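Each chain, letter by letter, is given below.
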Amino acid sequence: MNDTTKTKPAGGAAGAAHTHEAKVYAAASATSPLAPTKVQRRTPGPRDVEIEVLFCGICHSDLHQVRNEWQSSVPTTYPCVPGHEIVGRVARAGSAVRRFKEGELAAVGCMVDSCRTCPACADGQEQFCQGPATFTYNSPDKHLGGVTYGGYSESVVVDEDFALRVPDRLDPAGAAPLLCAGITTYSPLRHWNVRNGQKVGVVGLGGLGHMAVKLANAFGARVVVFTTSSGKAEDAVRLGAHDVVVSRDAVEMTKQRGGFDFILDTVSAAHDLNAYLDLLKRDGTLTMVGAPAPPLPVSVMGLLFGRRQLAGSLIGGIKETQEMLDFCAEHGITADVEVIPIQKVNEAYDRLLKGDVKYRFVIDMASLK
Amino acid sequence: MSRNANEMQKHAGSFDFILDTVSADHDINQYLNLLRLEGNLTLVGAPPKPLALSSFALIFGNRSVSGSNIGGIPQTQEMLDFCGQHNITADVEVIPIQKVNEAWQRLLKADVQYRFAIDMASLRAE
C-alpha cells in the first residue's frame with residue numbers, strides 16, 4: 001500500500017507531475033455562480049484510473065462549500081469544482097490497475113485517498129482517516145498541490161482503491177446519488193442492524209431521507225416517515241413508507257411514542273430531537289446524519305428512561321460503499337433524480353435551497369462537451 | 001482535571017466508553033470528543049435541564065450518547081454476586097438515623113466520602 005506515496009512527492013509539486021486539462025464548472029468565489037473553465041488533472045499513474053464522468057449528483061454540501069458556508073471548519077479554496085456523486089466510464093487505466101478495465105462503469109464518492117495505515121483506515125472507515133482523508137473536492141491534493149477538484153467535470157483521476165464498481169444493472173444517473181446520499185443512509189442502517197420486523201422512522205424526506213426509506217424498506221423494516229409537510233405523504237408511500245406522520249401534529253406524534261427500534265434523522269436544520277427520542281422503544285437508537293450547526297438541547301430523562309441512544313454517522317468507508325452499490329443493484333434501488341444539463345446548475349442550486357427537487361439533481365455531463 | 005483544556009485535549013479520541021455520573025448541567029461535548037471511533041458516553045445522572053449537544057461531536061466519529069436507568073432484578077442479583085466475588089463495596093460513612101437530616105445537609109455540600117449509610121440499629125435504640 002505504501003508505494004502509492006512514492007509515485008509523487010507530496011504537496012506543491014505541480015512542476016514534477018504530468019498533467020492535462022479538463023473542462024469543469026467551477027465557482028471563482030463564494031459569491032460567484034458556477035461557470036465553465038478548465039483545471040489541470042494529473043496524468044494517470046500506474047495505480048490510477050481516469051474516469052470520463054457521465055453523471056454527477058448535486059449534494060447540498062456542494063452548495064455549502066461553493067458558498068464557503070463551512071468556513072469555520074472547512075474553508076473553501078477557489079476555484080472550487082464541487083461534486084462527489086460521480087458515475088462514469090473508465091477512459092484510461094494505469095499499468096498496475098487490477099480492478100478496472102477501460103470502458104467499464106466506475107464511480108467515485110466523497111473520498112479519493114487516505115493514509116491507508118491509521119486505525120480508521122485499517123478498519124475500512126477511511127472517512128475518519130487521521131491523515132486526514134483526501135476528500136473529492138476542496139481537500140489538499142497530494143499529487144499536484146492546491147486542492148482536489150470534484151465531479152462537475154468531464155473527467156476525474158483517482159487511485160483505483162477509491163474507485164467503486166458500478167453493477168451494470170444500475171441506471172448510471174440514478175446510481176450517482178448513491179455515492180453520498182446512499183452510503184450516508186446505508187451505513188447507519190447497517191451499523192444499527194435494521195432488519196425484518198423492526199419499526200424504523202425516517203425524519204425528513206429530502207435527498208438523504210428518500211434513500212433511507214428505500215433502503216430501510218429493502219432491509220425488511222416497517223418504515224414511518226416524519227415530515228413537516230403533509231404534501232409529501234403520497235410520495236413517501238410510493239417510495240416505500242408504510243406510514244407518514246406530520247411532525248407538526250402533536251397528537252399524531254404522541255400516538256407514535258415508544259414504538260420505534262431505530263430512527264434515522266436526516267434533517268440538517270435545527271429541530272427538536274427530544275420529540276423523536278420519546279418515540280424510541282427501550283434500547284432504541286436515533287442516529288443523526290444531518291448536522292444542525294447550533295448545539296441541540298437533549299433531555300437526559302428521554303435517554304435515561306428507556307436506556308435510549310443518540311448517535312451520529314458520517315458517510316461510510318470504501319468497502320461499505322461497494323457493498324451498498326451491490327445491495328442496491330440486487331434490490332433494484334436507485335435515487336429518484338431530475339437530470340439536468342450542467343448549464344442549469346445555478347438554477348438547480350436555487351431550487352435546492354427551496355427544497356424544490358424530487359429528490360436529487362443529477363448533472364448529465366454530456367452537456368459539458 | 002476537566003477544567004484544564006490542554007489536559008482534556010491530550011485524551012481526545014482515546015476512550016472506548018465514558019460513564020457520566022454528573023447530575024448538574026455540564027458540557028458533554030468535551031467528553032464526546034474524548035471518545036474514539038464508535039465510542040459511547042452513557043449518562044446515569046439526570047441534569048434537570050436539557051444538555052446542549054453538538055451534532056458534529058457525534059457525527060465526526062460515529063459516536064453515541066446513551067442513558068441508563070438502574071437495572072433489572074436479575075442483573076441486580078448478578079451485580080451483588082459479582083461484588084461478592086471481587087470484594088467490592090461502597091466507601092461509606094455510617095451514621096445513626098438521628099443524624100439523617102444533618103447528613104442531607106452535608107450531602108448537598110458534597111461533604112461525604114462517598115456514601116452515607118444509616119445504621120438501623122439506632123432506630124431500635126430510640
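Residues numbered from 1 in each chain as written. Chains lettered and ligands numbered in written order. Predicted model: local features only at pLDDT ≥ 70, side-chain atom pairs only at ≥ 80, totals over all residues.

## With respect to the overall build of chain B
We count it as follows: Here a strand is any run of E in DSSP of at least two residues, a helix any run of H or I of at least four, and the numbering for each starts at the N terminus. Radius of gyration means the value over C-alpha atoms here, while the globule rule gives 2.2 Å times the residue count to the 0.38 power. Burial is judged by counting other C-beta atoms within 10 Å of a residue's own C-beta: 20 or more means buried, 12 or fewer means exposed, and anything between counts as partly exposed, with every C-beta placed from the backbone. This entry defines residue contacts through backbone-placed C-beta atoms, with two residues in contact when those atoms are within 7 Å.
What chain B contains, in helices and strands, is six helices and six strands. Here the C-alpha radius of gyration of chain B, 19 Å, is well above what a compact globule of 126 residues would show, namely 14 Å. Viewed in the frame of its principal axes, chain B has a C-alpha envelope of about 60 × 35 × 25 Å. Counting over 126 residues, chain B shows a buried share of 17%. Here the contacts in chain B between residues at least 6 apart in sequence split such that 42% fall between residues at least 24 apart.

## Regarding the interface of chain A and chain B
A common way to report how large an interface is uses the accessible area buried once the components associate. Counted only if it meets this: For this scheme, ten residues count as nonpolar: Ala, Val, Leu, Ile, Met, Phe, Trp, Tyr, Cys and Pro. Four count as charged, namely Asp, Glu, Lys and Arg, and the remainder, Gly too, count as polar. Paired strands are those between which DSSP finds at least two bridges.
The interface is formed by 24 residues belonging to chain A together with 23 residues belonging to chain B. Here the residues of the side of chain A that touches chain B are counted per class, giving 17 nonpolar, five polar and two charged. Alignment of strand 15 (residues 296-298) of chain A against strand 3 (residues 51-53) of chain B, held across three bridges, turns out to be antiparallel. Bridge pairing links proline 297 of chain A to alanine 52 of chain B in strand 3 of chain B.

## With respect to the domain arrangement of chain B
Which entries qualify depends on this criterion: For the domain bounds, the source is a domain assignment made automatically or taken from a database.
Partitioning chain B into structural domains gives domain 1 (5-67) and domain 2 (73-121). Computed from C-alpha coordinates alone, the two centres of domain 1 of chain B and domain 2 of chain B are separated by 28 Å.

## What to know about helix 4 (residues 73-86) of chain B
All names here are of chain B. Definition in use: A helix's residues, less one, multiplied by 1.5 Å, set its expected span.
Taking 1.5 Å per residue, 14 residues should reach 20 Å; helix 4 reaches 20 Å between its end C-alpha atoms and fits that length. Buried residues are scarce in helix 4, accounting for zero of its 14 residues. Following helix 4 by one or two positions, asparagine 87 adopts a phi angle in the positive range, close to 55°.

## A few points about the packing of helix 4 (residues 181-191) of chain A against helix 5 (residues 207-218) of chain A
Residues and elements named next belong to chain A. Heads up, the rule is: For helices, the axis comes from a line fit to the C-alpha atoms of the stretch in contact; other axes are also lines fit to C-alpha atoms, and the angle between any two N-to-C directions lies between 0 and 180 degrees. The scheme is simple: roughly parallel for angles under 35 degrees, roughly antiparallel for over 145, roughly perpendicular for 65 to 115, oblique for anything else. The crossing is said to be left-handed when, going from far helix to near helix, the turn is anticlockwise and less than a right angle, and right-handed when the turn is clockwise.
The geometry of helix 4 relative to helix 5 is characterised by a closest axis approach of 8 Å and an angle of 50° between their N-to-C directions. Judged on the interaxial angle alone, helix 5 and helix 4 are oblique. Helix-helix and strand crossings are classified by hand; for helix 4 and helix 5 the assignment is right-handed. In this structure, helix 4 contributes Ala181, Gly182, Thr184, Thr185, Tyr186 and Leu189 to the contact, and helix 5 contributes Gly207, Leu208, Met211, Ala212, Leu215 and Ala216. Looking at the contact of helix 4 with helix 5 residue by residue, the classes come out as eight nonpolar, four polar and no charged.

## A word on the domain arrangement of chain A
We note that the domain assignment places domain 1 (2-180 + 316-368) and domain 2 (181-312) within chain A. Top element by residues in the side of domain 1 of chain A that touches domain 2 of chain A is helix 10 (residues 318-331) of chain A. It accounts for five residues.

## A few points about the environment of valine 87 of chain A
Within the secondary structure, valine 87 of chain A is located in strand 4 (residues 86-93). What valine 87 of chain A contacts, discounting residues up to four positions off in sequence, is Leu54, Phe55, Leu105, Ala107, Val166, Pro172, Ala175 and Ala176 of chain A.

## Overview of the pairing of strand 13 (residues 260-265) of chain A
Residue and element names in this part refer to chain A. Extensive coverage of strand 13 is indicated by the burial of six of its six residues. The sheet contact formed by strand 10 (residues 199-203) and strand 13 spans four bridges and is parallel. Bridged to valine 203 within strand 13 is aspartate 265. Relative to strand 14 (residues 280-288), strand 13 runs parallel, the two sharing five bridges. Paired with aspartate 265 across the bridge in strand 14 is methionine 288.

## A word on helix 5 of chain A
Residues and elements named next belong to chain A. Helix length check: helix 5 (12 residues) gives 17 Å between terminal C-alpha atoms against 16 Å at 1.5 Å per residue, within 8%. In terms of residue burial, helix 5 counts as a mostly covered element, since 10 of its 12 residues are buried. Listing the buried residues of helix 5 in full gives Gly207, Leu208, Gly209, His210, Met211, Ala212, Val213, Lys214, Leu215 and Ala216. In the core, the buried residues of helix 5 are packed alongside helix 4, strand 10, strand 11 (222-227), helix 6 (233-239), strand 13 and strand 18 (360-364). Looking one or two residues beyond helix 5, the residue adopting positive phi is glycine 220, at roughly 95°.

## Describing the sheet that holds strand 1 (residues 15-20) of chain B
Spatially, nine strands are ordered 12(A)-11(A)-10(A)-13(A)-14(A)-16(A)-4(B)-2(B)-1(B) in an open sheet, and the strand pairing comes out mixed. Either end of the sheet is taken by a strand with one partner, and the two such strands are strand 12 (243-246) of chain A together with strand 1 of chain B. Taken over all neighbouring pairs, the strand axes of this sheet differ in orientation by 15° on average, direction set aside. As paired strands, strand 16 (residues 309-312) of chain A and strand 4 (residues 64-67) of chain B are joined by three bridges and run antiparallel to one another. Bridge pairing in strand 4 of chain B places leucine 310 of chain A opposite valine 65 of chain B.

## A closer look at the packing of helix 4 of chain A against helix 10 of chain A
All names here are of chain A. Axis separation between helix 4 and helix 10 bottoms out at 10 Å; the angle between their running directions is 100°. When the interaxial angle is binned, helix 4 and helix 10 end up roughly perpendicular. Between helix 4 and helix 10, the contacting residues are Gly182, Ile183, Tyr186 and Ser187 on the first element and Glu320, Thr321, Met324 and Cys328 on the second. Classifying every residue of the contact of helix 4 with helix 10 by side-chain character gives four nonpolar, three polar and one charged.

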